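Observations on chain architecture
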Amino acid sequence: MKKYTVAIITISDKGSKGEREDKSGPALRGMLMGAYEVNDIIIIPDEVNIIADTIKRFTDELRIDLIITTGGTGLGKRDVTPEATKLIIEKELPGFSEVMRIESYKITRQSVISRGICGTRGESIIINLPGSPKAATECLSFIVDTLPHALSKLKGDLTDCG
Amino acid sequence: MKKYTVAIITISDKGSKGEREDKSGPALRGMLMGAYEVNDIIIIPDEVNIIADTIKRFTDELRIDLIITTGGTGLGKRDVTPEATKLIIEKELPGFSEVMRIESYKITRQSVISRGICGTRGESIIINLPGSPKAATECLSFIVDTLPHALSKLKGDLTDCG
Amino acid sequence: MKKYTVAIITISDKGSKGEREDKSGPALRGMLMGAYEVNDIIIIPDEVNIIADTIKRFTDELRIDLIITTGGTGLGKRDVTPEATKLIIEKELPGFSEVMRIESYKITRQSVISRGICGTRGESIIINLPGSPKAATECLSFIVDTLPHALSKLKGDLTDCG
């Protein structure tokens, strides 16, 4: 069976300038590489247009199935990942964001600060994760089992859900 | 005491053409018929305009208190129930949708895929439920106790909440 | 260390006319006065413009760090606090509202009715709480530990989150 493809985008001003080692991207790749064909990790700065254009390149040109972003979901002035994601998604998937925040809240109350959103564009799913390796991998763990089913529905599987 | 009225709308292309038996509508009716005066179940296709017009007929013309939809909340190309509902609600009720997804997630992780929304129009409450009989009845069970209180508040009960 | 400042706004037609004693405002002040410098409680009617202008005066002119509202989040015709808040926030903080509803739901199912929203304006955070003293203090208890961290991030703390 052909594996779904995934692109991981680390969104960090410092990371994009080489001033901070990207630990979240590799940690997420480690979680996903068994089930997905994982592209190179891309590190970009916290700029709305760059974020939106990078996601669109993965969805519209490269037809990547799953786009995972890490970083830029907080309250800092430079945190604009949700705003950039909102610009390019077609259908929002509120349940993914809700469950990641509510389940993370059981581990650390600060998780409610994340403003990340999730949604679809064409036949791709875009997921915003927080920036820290611990928070990003925890959040992904709450939805990772559901993503293949969601992708298969998005791509036209018409069988009834249980 | 006069019972509140409820209309159940099954939203399904196959169901509306008689190609699939509607199991969700009758299951929901079974849950609601003790406490509500339940109208006939209507089965309509996954078309934005038909869904929006059907809900509006129940709220604006027939003055039905509670409109329950089942189906069309997923990720398929034909799933447009949330989009249709958004067109006609006046106030969104985010808590109903959140709690249905979070509580269902404890039973099956796939529940986070549902994009259903809830809201008010005039003195009616509209609730989107997923399409499968199991998911629809589970979701309704998490909010069914709260609906009479919500309806009474919407219709002008000014006593303080506890 | 300088304490953050907080303003508490009780939103209630009856309260603003002196027809009902404000119990929520004082209860919230009691929870916050240890950690914050608490301003006088303001009681205003359920009017969109008055609510929006009052919040803006606290954020834009008085530079209050945290604005807590109580009341007007329900389904009554006069309940417009979320609509007023939406007019003036710049970034929404969905996680705060979600976790308050989901955690309160474990105590009383009626909590899902609250339509309260949370967000930022400039370097201030605005939190809508329900109107009853019990619900307002319960909801605040679920996020009160997180607010100083959120404020520090909003005001420019660039250290990494754990």
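The notes below deal with the structure included here. Just so we're clear, the structure is a prediction, and the values are computed from it rather than from any experiment. (Residues numbered from 1 in each chain as written. Chains lettered and ligands numbered in written order. Predicted model: local features only at pLDDT ≥ 70, side-chain atom pairs only at ≥ 80, totals over all residues.)

Here's the deal with the overall build of chain A
Summing up its helical and strand segments, chain A has seven helices and seven strands in all. Element order for chain A, N to C, with α for helix and β for strand: β-α-α-β-β-α-β-α-β-α-β-β-α-α. The C-alpha atoms of chain A give a radius of gyration of 15 Å, which matches the 15 Å a tight globule of 162 residues would have. Taken along its principal axes, the extent of the C-alpha atoms in chain A is 45 × 35 × 30 Å. A total of 162 residues make up chain A; the buried ones form 49% of that total. Residue pairs at least 24 apart in sequence account for 75% of intrachain contacts in chain A once pairs closer than 6 positions are excluded. (Helix = DSSP H or I, 4+ residues; strand = E, 2+ residues; numbered from the N terminus. Rg over C-alpha atoms; globule rule 2.2 N^0.38 Å. Buried ≥ 20, exposed ≤ 12 C-beta atoms within 10 Å, placed from the backbone. Contact = placed C-beta atoms within 7 Å.)

Looking at the interface of chain A and chain B
Taken together, the contact between chain A and chain B spans 20 residues of the former and 16 residues of the latter. Class assignment of the residues belonging to the side of chain A that touches chain B gives a composition of 10 nonpolar, five polar and five charged. (Nonpolar A, V, L, I, M, F, W, Y, C, P; charged D, E, K, R; others polar.)

Overview of the relation of the copies chain A and chain B
Of the two same-sequence chains, chain A is brought onto chain B (RMSD 0.0 Å, axial shift 0.0 Å) by a rotation of 120 degrees. Taken together, these values place the two copies in the relation of a three-fold axis. Nearest to the rotation axis, the C-alpha of A:E98 is located 4.2 Å from it, this being the minimum over chain A. Comparing contact sets, just 10% of the residues at the interface of chain A also lie at the interface in chain B, consistent with a heterologous contact between different surfaces. (Least-squares fit on C-alpha atoms with pLDDT ≥ 70 in both.)

Quick word on the packing of helix 2 (residues 24-32) of chain B against helix 6 (residues 133-143) of chain B
Residues and elements named next belong to chain B. Contact pair helix 2 / helix 6: the axes reach a minimum separation of 9 Å and the direction vectors enclose 25 degrees. As summarised for this structure, helix 2 and helix 6 are arranged roughly parallel, according to the angle between their axes. Classified by chirality, the crossing of helix 6 by helix 2 is right-handed. Contact with helix 2, carried on its side by S24, A27, L28 and M31, involves P133, A136, T137 and L140 of helix 6 and no other residues of that element. (Axes fitted to C-alpha atoms, helices over the stretch in contact; angles between N-to-C directions. Parallel < 35°, antiparallel > 145°, perpendicular 65-115°, else oblique. Left-handed = near helix turned anticlockwise from the far one by under 90°.)

Details of the environment of B:I125
All names here are of chain B. By the secondary structure assignment, I125 is in strand 7 (residues 124-129). Judged by the 26 C-beta atoms lying within 10 Å of it, I125 falls in the buried class. When the C-alpha atoms of I125 and I68 are compared, they prove to be 8.5 Å apart, with 57 residues separating the residues in sequence. In this structure, I125 is in contact with L66, T120, L147, A150, L151 and L154, ignoring residues within four places of it in sequence.

Structural notes on helix 7 (residues 147-154) of chain C
Residues and elements named next belong to chain C. Every buried residue of helix 7 is accounted for by L147, A150, L151 and L154. The buried side chains of helix 7 occupy one side of the element, clustering within an arc of 100 degrees when seen end-on. Contacts made by the buried residues of helix 7 are with strand 1 (4-11), strand 4 (66-70), strand 6 (118-121), strand 7 (124-129) and helix 6 (133-143). Following helix 7 by one or two positions, G156 has its phi on the positive side, about 115 degrees. (Arc of directions from axis to C-beta.)

Thoughts on the pairing of strand 1 (residues 4-11) of chain B
Residue and element names in this part refer to chain B. For strand 1, the buried fraction is high: six of the eight residues fall into the buried class. The sheet contact formed by strand 1 and strand 2 (residues 36-38) spans three bridges and is parallel. By the bridge assignment, T5 is partnered in strand 2 with E37. Pairing of strand 1 with strand 4 (residues 66-70), which is carried by five bridges, proceeds in the parallel orientation. Each residue of the ladder has a partner; that of T10, found in strand 4, is T70. In this structure, strand 1 lies alongside strand 3 (residues 42-44), joined through three bridges in parallel fashion. Of the residues in strand 3, the one forming a bridge with I11 is I44. (Pairing = 2+ DSSP bridges.)

Focus: the relation of the copies chain A and chain C
Once chain A has been moved 0.0 Å along the axis and rotated by 120 degrees, it coincides with chain C to within an RMSD of 0.0 Å. The fraction of interface residues of chain A whose copies in chain C are also interface residues is only 12%, indicating that the copies meet through different surfaces.

Observations concerning the nonpolar core
In this structure, A:L66, A:I67, B:L66, B:I67, C:L66 and C:I67 are the most contacted members of the largest nonpolar core, which totals 126 residues. Ignoring sequence-local partners within four residues, the contact set of A:I67 consists of A:A7, A:I9, A:I55, A:F58, A:T59, A:S124 and A:I126. (Core = buried A, V, L, I, M, F, W, Y, C linked by C-beta atoms within 7 Å.)

Some details on the environment of C:V144
Residues and elements named next belong to chain C. Tracing the backbone shows V144 in the loop between helix 6 and helix 7. Take V144: there are 18 C-beta atoms within 10 Å of it, and that puts it in the partly exposed class. It is 8.4 Å that separates the C-alpha atoms of V144 and L32, two residues lying 112 residues apart in sequence.

As for the packing of helix 5 (residues 94-105) of chain C against helix 6 of chain C
Residues and elements named next belong to chain C. Remark: helix 5 packs on helix 6, axes separated minimally by 9 Å, with the N-to-C direction vectors making an angle of 120 degrees. Here helix 6 runs oblique to helix 5, going by the angle between their axes. Crossing handedness for the pair helix 5 and helix 6: right-handed. Facing helix 5, whose interface residues are F96, V99, M100, E103 and S104, helix 6 presents A135, E138, C139, F142 and I143. When its residues are assigned to classes, the contact of helix 5 with helix 6 shows seven nonpolar, one polar and two charged.

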